[in-house]
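A structural walkthrough
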Amino acid sequence: MTYIGSLDQGTSSTRFMIFDHSGIVVGQHQLEHRQIMPQAGWVEHDAGEIWDRTQEVIVGALKQANILGSDLAAIGITNQRETTVVWDVTTGQPLSNAIVWQDTRTTDFLSTLSDQEKESIRFKTGLTIAPYFSGSKMNWFIKNLPAATSPNARFGTIDSWLLWNLSGGVQGGVHVTDVTNASRTLLMNLETLNWDDELLEIFGVPVNALPTIKSSSEHYALTNPRGPFGSAVPITAILGDQQAAMVGQVCFNRGESKTTYGTGNFALLNTGTHIVRSKNGLLTTVCFKFGDAPAHYALEGSVAVTGSAIQWLRDQLGIISNAVETEHLALTVNDTAGVYFVPAFSGLFAPYWRSDARGAIVGLTRAATKAHLARAALEAICYQTRDVMDAMVADSGVPMSEMRVDGGITANSLCMQMQADIMGIDISRPLVAETTALGAAYAAGLAVKFWSSPDELRSQWQESRRWVPASTAETREAGYVQWKKAVERTLNWID
């Protein structure tokens with residue numbers, strides 16, 4: 001058993017990756033799934049489709065690597081966080097489409113909470129009051145689906161849905177989540193790391209329907225031998241995608257940070273075993289917990305739309321046919337011609353937390369072309385990241401000299417150079433850019449001693465590329481002032 005498997009279930013696709021002891025990918029397979037948008041503000045996934053894709057990518061990756069499931073020492077799961085599933089434990093079928101983290105349908109419910117309830121939620125969870133998180137999504141299921149109130153109903157984030165299916169489903173599936181995913185529900189107390197009775201009452205969620213909370217790295221279950229692995233493989237890690245990227249970037253120590261570019265954009269700063277409560281619009285969350293060791297916490301800044309802005313250029317506007325074209329198109333012009341694009345499609349996340357915001361393109365003149373818009377979309381990714389990192393520096397008091405990055409957009413050299421120029425710091429990309437999957441593999445491997453310690457993992461980290469800022473401070477700040485003006489134009493759009 002010389003390999004570790006990692007199931008990476010993301011917002012737009014699912015993939016299974018197989019790593020050797022050096023952390024090198026030896027096999028992988030990836031498939032997209034549908035983005036279902038039945039009405040404005042609603043974003044859904046078919047959880048059954050995601051489970052089907054999961055089985056397909058596991059089989060495909062094992063075939064590509066030319067190995068069997070029995071060659072895996074263990075597997076880890078990492079997942080799009082907050083996306084919420086409800087299913088019937090007797091039939092194994094979802095009771096509805098999953099509600100995706102981007103969905104804003106619960107805004108009205110959250111506005112009915114009292115100030116006292118809101119303050120209690122913020123203090124106990126470290127989160128803001130936003131439809132982003134899972135608790136209000138579960139409340140929506142309970143109010144709108146009669147079957148969701150049945151004793152047979154089970155609630156969970158995507159990780160628990162996949163674990164339950166992988167470990168047997170209706171034939172005895174295990175209903176478990178980890179502290180990182182539980183910390184994103186508005187239902188877990190950051191200090192006790194357990195479901196909180198007061199929070200459960202506020203959201204009307206029965207504790208018996210929820211998964212058991214475990215650490216991020218321990219033995220949870222074995223895969224069903226009749227499933228896609230064809231054998232009983234230990235499932236030994238669960239991490240929300242952004243926390244998995246922290247582990248993949250070996251940010252194990254207090255003060256280490258990373259930014260992941262995916263459908264959204266997420267920056268985390270490890271604050272060690274201490275809970276640091278943000279004063280600048282960031283979230284406090286669990287970073288990871290390895291077995292019986294104390295949990296590490298993190299400050300997090302979330303941007304709702306980064307990679308999905310590129311998808312919008314492709315799918316809704318049709319000005320590119322694939323993501324790679326964005327860089328080529330943007331390079332045909334030297335600047336944005338004064339165009340700023342704020343992709344607040346579902347409101348603004350950190351540090352603004354404005355669900356009333358909506359997307360805007362400002363500064364348009366007759367000179368503007370699709371190339372300028374493509375370049376403005378890349379700049380928007382970088383400006384939103386700066387918003388978050390500035391808040392992180394203010395909260396931590398630690399100036400930032402470089403930023404470790406990962407995720408799909410880091411393949412876009414123009415975007416990464418823009419990021420260095422807009423922030424005025426070095427940008428460093430690791431040799432394995434897709435560190436979300438690697439982090440889940442690392443956590444799984446630690447649980448079965450495939451790797452001896454975090455120190456061994458740290459020694460494996462290698463840099464593949466570094467971008468150094470080429471802009472002047474004057475240019476940098478002038479652009480940022482205009483960005484702030486553009487953000488103001490998106491506010492108060494929804495009453």
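These notes cover the structure that comes with them.

Turning to the sheet that holds strand β15 (residues 257–261), a few remarks are in order. On the basis of which strands lie adjacent, the open sheet formed by 7 strands has the order β17-β18-β16-β15-β21-β22-β23 and mixed pairing. Two strands lie at the open edges of the sheet, namely β17 (283–288) and β23 (463–467), each paired on one side alone. The sheet shows a mean angle of 30° between the axes of neighbouring strands, taken without regard to direction. Note that β15 and strand β21 (residues 402–407) share 4 bridges and pair parallel. Across the sheet, the residue bridging to T260 is D406, located in β21.

With 6 of its 6 residues buried, β17 lies for the most part within the structure. In the sheet, β17 pairs with strand β18 (residues 296–303) via 5 bridges, with the strands oriented antiparallel. Each bridged residue has a counterpart across the sheet, and for T284 the counterpart in β18 is L299.

Volume-wise, the largest pocket comes out at about 1000 Å³. Elements supplying a minimum of two residues to the lining of the largest pocket: β2 (13–19), β3 (25–32), α8 (241–248), β15, α9 (307–317), α10 (324–330), β21 and α13 (435–447). With 5 residues, α9 is the single largest residue contributor to the lining of the largest pocket. Classifying every residue of the lining of the largest pocket gives 11 nonpolar, 20 polar and 10 charged. The space that makes up the second largest pocket amounts to roughly 600 Å³. M37, V43, Q102, Q316 and F345 are the residues nearest the centre of the second largest pocket, which is lined by 24 residues in total. A total of 6 residues in the lining of the second largest pocket trace back to one element, the largest contributor, which is α9. A breakdown of the residues in the lining of the second largest pocket according to their chemical character gives 7 nonpolar, 13 polar and 4 charged.

A separate point is the sheet that holds β3. Within the open sheet, the 6 strands sit side by side as β3-β2-β1-β5-β14-β13. Their pairing is mixed. Edge positions in the sheet fall to β3 and β13 (217–222), since each has one partner strand and no second. With direction set aside, neighbouring strand axes in the sheet form an average angle of 25°. Where strand β1 (residues 3–9) meets strand β5 (residues 72–79), 7 bridges bridge the pair, whose relative direction is parallel. Bridge pairing in β5 links L7 to I77. With respect to the sheet, helix α1 (residues 47–65) is in contact with β1, β2, β3 and β5, its orientation differing from that of β3 by roughly 150°. Taken strand by strand, α13 contacts β1, β2, β5, β13 and β14 (234–240), and its axis lies near 135° from that of β14.

The contact between helix α11 (residues 370–396) and helix α12 (residues 413–423) brings their axes to 9 Å, and the two run at 45°. Relative to α12, the element α11 is oriented oblique. Crossing of α11 over α12 shows right-handed handedness. Contact with α11, carried on its side by R375, L378, E379, I381, C382, Y383, T385, R386 and M389, involves L414, C415, M418, Q419, I422 and M423 of α12 and no other residues of that element.

A word on the pattern of salt bridges. Within this structure, the stated rule accounts for 26 salt bridges. Residue R53 is joined to E49 by a salt bridge in which the shortest nitrogen-to-oxygen separation is 3.2 Å. You can see R53 and its partner E49 sitting in helix α1, 4 residues apart, about one turn around the helix. The class of R53 is partly exposed, set by a relative accessible area of 22%. We note a salt bridge from R386 to E477, for which the minimum N-O separation is 3.0 Å. Residue R386 is located in helix α11, and its partner E477 is located in helix α15 (residues 473–488); the two are separated by 91 residues in the primary sequence. One salt-bridge network, in which partners are shared between bridges, spans R34, D46, E49, R53 and E56.

What counts and how
Residues numbered from 1 in each chain as written. Predicted model: local features only at pLDDT ≥ 70, side-chain atom pairs only at ≥ 80, totals over all residues. Heavy atoms only, no water. Pairing = 2+ DSSP bridges. Helix = DSSP H or I, 4+ residues; strand = E, 2+ residues; numbered from the N terminus. Axes fitted to C-alpha atoms, helices over the stretch in contact; angles between N-to-C directions. Buried < 20%, exposed > 50% of the residue type's maximum accessible area, 1.4 Å probe, protein only. 1 Å grid on protein atoms, 1.4 Å probe; cavity = no way out; pocket = protein on both sides within 12 Å on 5 of 7 lines; lining within 4 Å. Points joined across faces, edges and corners; volume = space filled by probe spheres on them. Nonpolar A, V, L, I, M, F, W, Y, C, P; charged D, E, K, R; others polar. Contact = heavy atoms within 4.5 Å. Parallel < 35°, antiparallel > 145°, perpendicular 65-115°, else oblique. Left-handed = near helix turned anticlockwise from the far one by under 90°. Salt bridge = Lys/Arg side-chain N within 4 Å of Asp/Glu carboxyl O.

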